[in-house]
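Tertiary structure, described
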Amino acid sequence: MTQQAQAPSTIRVIFLDIDGVICCNAYGRLEESKLEILKSIVVKTGARVVLSTDWRRVPQLKAQVISTLKAYGITTIGATPCRPNWLAVRPEEITTWLKGYSSAPNAAEKPRITHWVAIDDRPLLQENGGDALRGHFVRTKLSIGLTDRLAQRVIELLMGYDTEGSPAVTPTGQSA
């Protein structure tokens, strides 16, 4: 008798940029040390990745990222929609993906997203729709990328804890 693995009823999601997060070099190489940090986040939180990077716009680069993440045990479940890349609207692309995920015809069959975070080197809070990312955003530095310290913050957000280790509180004052 075989048993099918049961899909989780909830998931956590990372909206992942690549340049300035995983790739901080002039050669366009995904950096192993940063991939290992991302893997540690995924291991600790069970999060899945949605690509929000401009790399998603180029099929070969998108395939390279997905393949590399898979090799590190990181599951990619999609990519945000692409709006014109000269517009500062990445937050809107992220919220559009979230709305589409939860309102899709098969939404009842998919795991519910409990926590999510965007990791990016761009100042997403200042872009169009950035207010929706407050409490869901970790900014990296272009030349440094993902660090252990920033990874800890990502984990806290994905697990629903603030920096003091207390349950995160929503604007209504209730625990998240």
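Remember, it's a predicted structure, so these values are computed and weren't measured experimentally.

1. Regarding the pattern of salt bridges
Applying the stated criterion to the full structure yields 12 salt bridges. Taking the shortest distance from any N to any O, the salt bridge between Arg 56 and Glu 93 comes out at 2.8 Å. Here Arg 56 is found in the loop between β2 (48-51) and α2 (59-71), whereas its partner Glu 93 is found in helix α3 (residues 90-103), with 37 residues between them in sequence. Under the relative-accessibility criterion, Glu 93 is labelled buried at 3%.

2. Some words on the nonpolar core
Among soluble globular proteins, nonpolar side chains are generally buried collectively. Ile 14, Leu 16, Ile 22, Leu 69 and Leu 146 are the most contacted members of the largest nonpolar core, which totals 30 residues. Residue assignment for this core shows that the elements contributing at least two residues are β1 (10-16), α1 (32-45), β2, α2, β4 (112-120) and α4 (148-159). The element best represented in this core is α4, accounting for six residues. Dropping the residues within four chain positions of it, Leu 146 is found in contact with Val 21, Ile 22, Lys 34, Ile 37, Leu 38, Ile 41, Ile 119, Thr 140 and Ala 151.

3. Things to note about the packing of α1 against α4
Where α1 contacts α4, the axes come no closer than 10 Å and their chain directions differ by 25°. The angle between the axes of α1 and α4 places the two elements in the roughly parallel class. With respect to the hand of their crossing, α1 and α4 are arranged in right-handed fashion. Together, Ile 37, Ile 41, Lys 44 and Thr 45 of α1 and Asp 148, Ala 151, Val 154, Ile 155, Leu 158 and Met 159 of α4 make up the contact between the two elements. Considered class by class, the residues forming the contact of α1 with α4 number seven nonpolar, one polar and two charged.

4. Some points on the packing of aromatic side chains
Tallying each qualifying case throughout the model produces three aromatic pairs. Centre to centre, the rings of Trp 97 and Tyr 101 are 5.2 Å apart; their planes meet at 20°, and the pair counts as stacked. Residue Trp 97 and its partner Tyr 101 are located together in helix α3, separated by four residues, close to a single helical turn. Exposure class is identical for Trp 97 and Tyr 101. Each is buried. Ring pairs connect the aromatic residues Phe 15, Trp 97, Tyr 101 and Trp 116, which therefore count as one cluster.

5. Observations concerning α1
In this model, α1 (14 residues) spans 20 Å end to end at C-alpha, consistent with the 20 Å of a helix rising 1.5 Å per residue. Of the surrounding elements, those touching the buried residues of α1 are β1, α2 and α4. Gly 46, located one to two residues past α1, shows a positive phi value of around 75°.

6. Notes on the sheet that holds β4
Spatial strand order, β3-β2-β1-β4-β5: five strands in an open sheet with parallel pairing. Each edge of the open sheet is held by one strand with a lone partner, namely β3 (76-79) and β5 (137-139). Taken pair by pair, the neighbouring strands of this sheet meet at an average axis angle of 25°, ignoring direction. Strand direction decides the pairing type here: β1 and β4, joined by seven bridges, are parallel. Within the sheet, the bridge partner assigned to Ile 14 lies in β4 and is Val 117. Sheet strands in contact with α3 are β1, β2, β3 and β4, and its direction is about 165° off that of β4.

7. Quick notes on the confidence of the model for the chain
Residues shown with low pLDDT carry predicted positions that ought not to be read at fine detail. The pLDDT averaged across the chain works out to 89; a share of 88% of its residues lies at or above 70. Here residues 164-176 is a poorly scored stretch, pLDDT under 50, and it has 14 contacts once near neighbours within four places are set aside; other chains count.

Rules of the game
- Residues numbered from 1 in each chain as written.
- Predicted model: local features only at pLDDT ≥ 70, side-chain atom pairs only at ≥ 80, totals over all residues.
- Heavy atoms only, no water.
- Salt bridge = Lys/Arg side-chain N within 4 Å of Asp/Glu carboxyl O.
- Helix = DSSP H or I, 4+ residues; strand = E, 2+ residues; numbered from the N terminus.
- Buried < 20%, exposed > 50% of the residue type's maximum accessible area, 1.4 Å probe, protein only.
- Core = buried A, V, L, I, M, F, W, Y, C linked by side-chain atoms within 4.5 Å.
- Contact = heavy atoms within 4.5 Å.
- Axes fitted to C-alpha atoms, helices over the stretch in contact; angles between N-to-C directions.
- Parallel < 35°, antiparallel > 145°, perpendicular 65-115°, else oblique.
- Left-handed = near helix turned anticlockwise from the far one by under 90°.
- Nonpolar A, V, L, I, M, F, W, Y, C, P; charged D, E, K, R; others polar.
- Phe/Tyr/Trp six-rings, centres within 6.5 Å; stacked < 30°, edge-to-face > 60°.
- Expected span 1.5 Å × (residues − 1).
- Pairing = 2+ DSSP bridges.
- pLDDT = per-residue confidence, 0-100.

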